[in-house]
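# Residue-level structural notes
Each chain, letter by letter, is given below.
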There are 2 protein chains.
Amino acid sequence: MSASLCLSIQVHQNDNVAVIVHDGGLDVGCQLVDGTILLEHIPQGHKVAIRQIPLDQPVIRYGEIIGYATTTIAPGAWVKEADLRMPEPPALADLPIATRTSTPAAALEGYSFEGYRNRDGSVGTRNVLAITTSVQCVAGVTEYVVQQIRQKLLPHYPNVDDIVGLTHSYGCGVAINAPAAIVPIRTLQNLMRNPNFGDEIMVLGLGCEKLQPDQLLKARSQIREPGSEASTVSILSLQDEQLLGFGGMIEGILALAEQHLQRLNQRRREPCPAAELVVGVQCGGSDALSGLTANPAVGFAADLIVRAGGSVMFSEVTEVRDAIHLLTPRVADQETGQALLREMAWFDEYLHTGRTDRSANTTPGNKRGGLANIVEKAMGSIIKSGSSAIVDVIAPGERIRKKGLTFAATPASDFICGTLQLAAGMNIHVFTTGRGTPYNLPMAPVIKVATNSRLAKQWYDLIDIDAGTIATGESSIEQVGWQIFHKMLDVASGREQTAADRLGIFNDLVLFNPAPVT
Amino acid sequence: MSASLCLSIQVHQNDNVAVIVHDGGLDVGCQLVDGTILLEHIPQGHKVAIRQIPLDQPVIRYGEIIGYATTTIAPGAWVKEADLRMPEPPALADLPIATRTSTPAAALEGYSFEGYRNRDGSVGTRNVLAITTSVQCVAGVTEYVVQQIRQKLLPHYPNVDDIVGLTHSYGCGVAINAPAAIVPIRTLQNLMRNPNFGDEIMVLGLGCEKLQPDQLLKARSQIREPGSEASTVSILSLQDEQLLGFGGMIEGILALAEQHLQRLNQRRREPCPAAELVVGVQCGGSDALSGLTANPAVGFAADLIVRAGGSVMFSEVTEVRDAIHLLTPRVADQETGQALLREMAWFDEYLHTGRTDRSANTTPGNKRGGLANIVEKAMGSIIKSGSSAIVDVIAPGERIRKKGLTFAATPASDFICGTLQLAAGMNIHVFTTGRGTPYNLPMAPVIKVATNSRLAKQWYDLIDIDAGTIATGESSIEQVGWQIFHKMLDVASGREQTAADRLGIFNDLVLFNPAPVT
Ligand SMILES: [Ca+2]
Ligand SMILES: [Ca+2]
Ligand SMILES: [Ca+2]
Ligand SMILES: [Ca+2]
Ligand SMILES: [Ca+2]
């Protein structure tokens, strides 16, 4: 095998490891471009020492310490998980705040998509009737009635894309007065306000639940005139004495749904500037290529969105925690910096109370994919945020407040993160994966970007964009970044469907409930 | 209104309150049978003082103190929530243990049902193919493929009742090494072993998840010869390199499902003694009649099952906690008593850590239904357990070990309790409701018993048995108890469908995860 085929990537000049990007890995004796000769076979995505690393000395990737050598590592050796002792997470005190706020890049003009404009100015990328539920008890009836509406009513309302039930496992049998209950409650309050639901609010409750529909609508009534609400808000409780039996419930729900469908059906797509996109970025099933291919490309696309005046959210607290010292310099001001640290501290405490820590994040798949620990994973994960200043930080379940780059604090769990980003107002989702996951949501389009070409080929009908071409040199981070940007505009316009939407596979919402159940 | 029509119930001779059972409540001036004259209108299910209750003196119902008067209450007055100060829960130290173990009632012989006998001796009331999932990432694909199997394969296997996906929100993005993670993990390990799944184990995983299918099967491999497992266990990971794309996944899953369906299709119902029933009892959406009508009738039926040699589980820790002093005397031995106290203490601590307590259990619906607080609710809730000795206590997610009455520790949350009872091995579920909830599960039949005739009439197509006739004197606790017993045998035999099964509405599983997500 010639040296030119021995593909590996060293990200930063200080790094003493490089990552094997060659499909299938590299064999003993292969010589890398820097002259390192492999002492053993090393799988794709795994690390090779490119200098001698003495015992207890730092192992450096991305220019950052990802661990300390537990043995002396020879150049050309495979650097395995067991060869690294994980460093302590950066202390949250005395971090530099707002010291490296980048001068804003030139505005990017002239990009637009075809969206559904809402009365509050937000823009939907879909025109969906969402049925909010106040309690898990109504989930079965909701799923039943969603099918009925889809079959019986939807054909008469061709401009409505779909109907979704916002079912969940919260609302009763939960400690609604525990301090942490604020998280799931505000998530539900804000989910129904997602721009893709066209400002039509239809709530299905039981009647006797702890979380009453009124409480769900509280946030809403604060932002609207009572008069203007009347036309778009409806509430139905299954225990309502007017409804006779299950038949009566279904009839009642169909009648309400029809009113909402009539209004939604009058809406049309119109040209909207790219500034109206609210992009949530996330990764799941990561490998060591995530931080070299898909995540940098998503970061490049995130910068494009910010330059176009749009909103980008990055999330996943446990994948940010070990890189926090790289993020606090990027916040716009002291207040945002303190908010970022507050979210880190809250999650540290949340994990500590459950007698675990951030190392619980990494999976067997991450490790097989070459990610030795959460520190290495975090360095690759935050690259999705691009290089813009962080203008705001929102707590789990809160709604986004500003254009530009926001840190939306969420767990890294794919479905919980996606649910919280939807509640924050996400109208399009970009999801990178290395090991592969068939993640999709019915509420907003999910563009899936593979970190390696092997996955993109194997899951040819599930992956939207192959960023693995960056590792092989077939394309650049910039090229794939632009590809993602254009894909977002096409998908947001309804001109193009994502792979998973074509197949029709969808995951349920999962609420983040840090409070006890009862 | 004549006195004979002024229906109220005083449960215990020491009670200083009675409960109005008259449909629509009773008006001022009504005279109860004991002579008390109502001072105001009191709604159905609410309490009337039948003696003067001075300030700070105990309010007594079921012969137990449910609170202390916050004001002097006159005879005939409506005793409202605000009139009661809640007592402290009974201390867990120094309770009498195994002091009142009843002499076993006469064995009940000659009752049987038509069930599916499994190789391990357990008996299914259904013949269902369950697809276990190791991680939430595969839920969307699972739901898709369940529909495919139902449409394409099931018609060829007429002896198979249905197929269900055991989807959930666990498996990755969770702190799998936190101490409390044992709860969801063993729940998943045991769910697949539910007797209604005929010993066919089909696991769908992703590949890179934290909770690997192997770990899910661990409990199983401990109880079986490796050889005998081979024929009934199959595992498929979506990331398997043999599977090309989504199409390949679906093909692969269908092929595996067909093997399981072929074996399940060979099974036939056969007569089995009632001793093979594993009954889970639960209440949800309770009112003040719950403890007077449906729950005592279920308790009577539970005693019948125990007398017939069967297994009954009652659950709902927060609804047992305030009545714990009434339960410790009923345990069979010291060890069981200590296990019961351990579960109470564990939940006290769990709620305390979340900065709440057992009072978080009661709902607005409970209160509108006349239940002033968790103490009063608990007294009515434990009646479902009947009068048998408590022979065993299992922790959340554990499998039942003994015939007779077991306390299966679970939260009171309907879906979490139901899921844990399924994991414990429940093959039939009895669920009482006063306010009304359309609760149903696809894994085991759920017989719904209304506590009042108003609900039974309004939800005529959703309720299986009306226990409200006990309040009006039309039937006795014994009569409704026998009715429930016979309904269990009919439904377990597949001779009769429950109301919710006829309608086809089902709720999802909800796992109890007391550990953090990441
Ligand atoms: Ca991630
Ligand atoms: Ca994630
Ligand atoms: Ca209950
Ligand atoms: Ca319950
Ligand atoms: Ca579902």
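This report concerns the structure included in the present document. All of these numbers come straight from a predicted model, not from anything done at the bench. (Residues numbered from 1 in each chain as written. Chains lettered and ligands numbered in written order. Predicted model: local features only at pLDDT ≥ 70, side-chain atom pairs only at ≥ 80, totals over all residues. Heavy atoms only, no water.)

A separate point is the pattern of salt bridges. All names here are of chain B. As enumerated under the stated definition, the model contains 41 salt bridges over all chains in all. Glu200 is paired through a salt bridge with Arg263; the nearest N and O atoms lie 2.9 Å apart. On the criterion of sequence distance, the pair formed by Glu200 in the loop between α2 (182-191) and β12 (201-205) and Arg263 in helix α5 (residues 245-265) is long-range, its members being 63 residues apart. The class of Glu200 is buried, set by a relative accessible area of 4%. (Salt bridge = Lys/Arg side-chain N within 4 Å of Asp/Glu carboxyl O. Helix = DSSP H or I, 4+ residues; strand = E, 2+ residues; numbered from the N terminus. Buried < 20%, exposed > 50% of the residue type's maximum accessible area, 1.4 Å probe, protein only.)

This part takes up the coordination of the calcium ion (ligand 3). Residue and element names in this part refer to chain B. Those donors, Cys283 (O), Cys283 (SG), Glu316 (OE), Glu319 (OE) and Glu319 (OE), are the protein atoms that reach the calcium ion (ligand 3), and they lie 2.3 to 2.7 Å from it. The sequence pattern formed by the donor residues of the calcium ion (ligand 3) is C-x32-E-x2-E. Taken as a pair, the calcium ion (ligand 3) and the calcium ion (ligand 4) lie 3.4 Å from each other and share Cys283 as a ligand. A residue pair is termed long-range when its members are at least 10 positions apart, and Cys283 in strand β15 (residues 278-283) and Glu319 in the loop between β16 (311-314) and α7 (324-327) qualify at 36 residues. The class for Cys283 is buried, based on a relative accessible area of 2%. Taking the relative accessible area as the measure of exposure, Glu319 reaches 2% and is therefore buried. (Donors = N, O, S within 2.8 Å, 3.2 Å for Na, K, Ca; no water.)

Attention shifts here to the packing of aromatic side chains. Applying the stated criterion across every chain yields a total of 26 aromatic pairs over all chains. Between the aromatic rings of Trp346(B) and Tyr350(B), the centroid separation amounts to 5.3 Å while the plane-to-plane angle is 15 degrees, which identifies the pairing as stacked. Residue Trp346(B) and its partner Tyr350(B) are both found in helix α8 (residues 334-353); the two are separated by four residues, about one turn of the helix. When the ring of Phe347(B) is compared with that of Phe512(B), the centres are 6.3 Å apart and the planes differ by 25 degrees; the resulting orientation is stacked. With Phe347(B) in helix α8 and Phe512(B) in the segment after α14 (499-503), the pair connects residues that are 165 residues apart, well separated along the chain. With a relative accessible area of 1%, Phe512(B) lands in the buried category. A network of ring pairs unites the aromatic residues Trp346(A), Phe347(A), Tyr350(A) and Phe512(A) as a single cluster. One residue, Lys80(B), lies across the ring of Trp78(B), its end atom 4.6 Å from the ring centre. (Phe/Tyr/Trp six-rings, centres within 6.5 Å; stacked < 30°, edge-to-face > 60°. Lys NZ or Arg CZ within 6 Å of the ring centre and 35° of its normal.)

So, on to the coordination of the calcium ion (ligand 5). Here the calcium ion (ligand 5) is held by the protein donor atoms Glu143(A) (OE), Asp508(A) (OD), Glu143(B) (OE) and Asp508(B) (OD), which lie 2.9 Å from it. Of this pair, Glu143(A) sits in helix α1 (residues 139-153) while Glu143(B) sits in helix α1 (residues 139-153), placing the two residues on different chains. You can call Glu143(A) partly exposed: its relative accessible area is 32%.

Bear in mind that shape data such as this cannot, by itself, settle questions of function.
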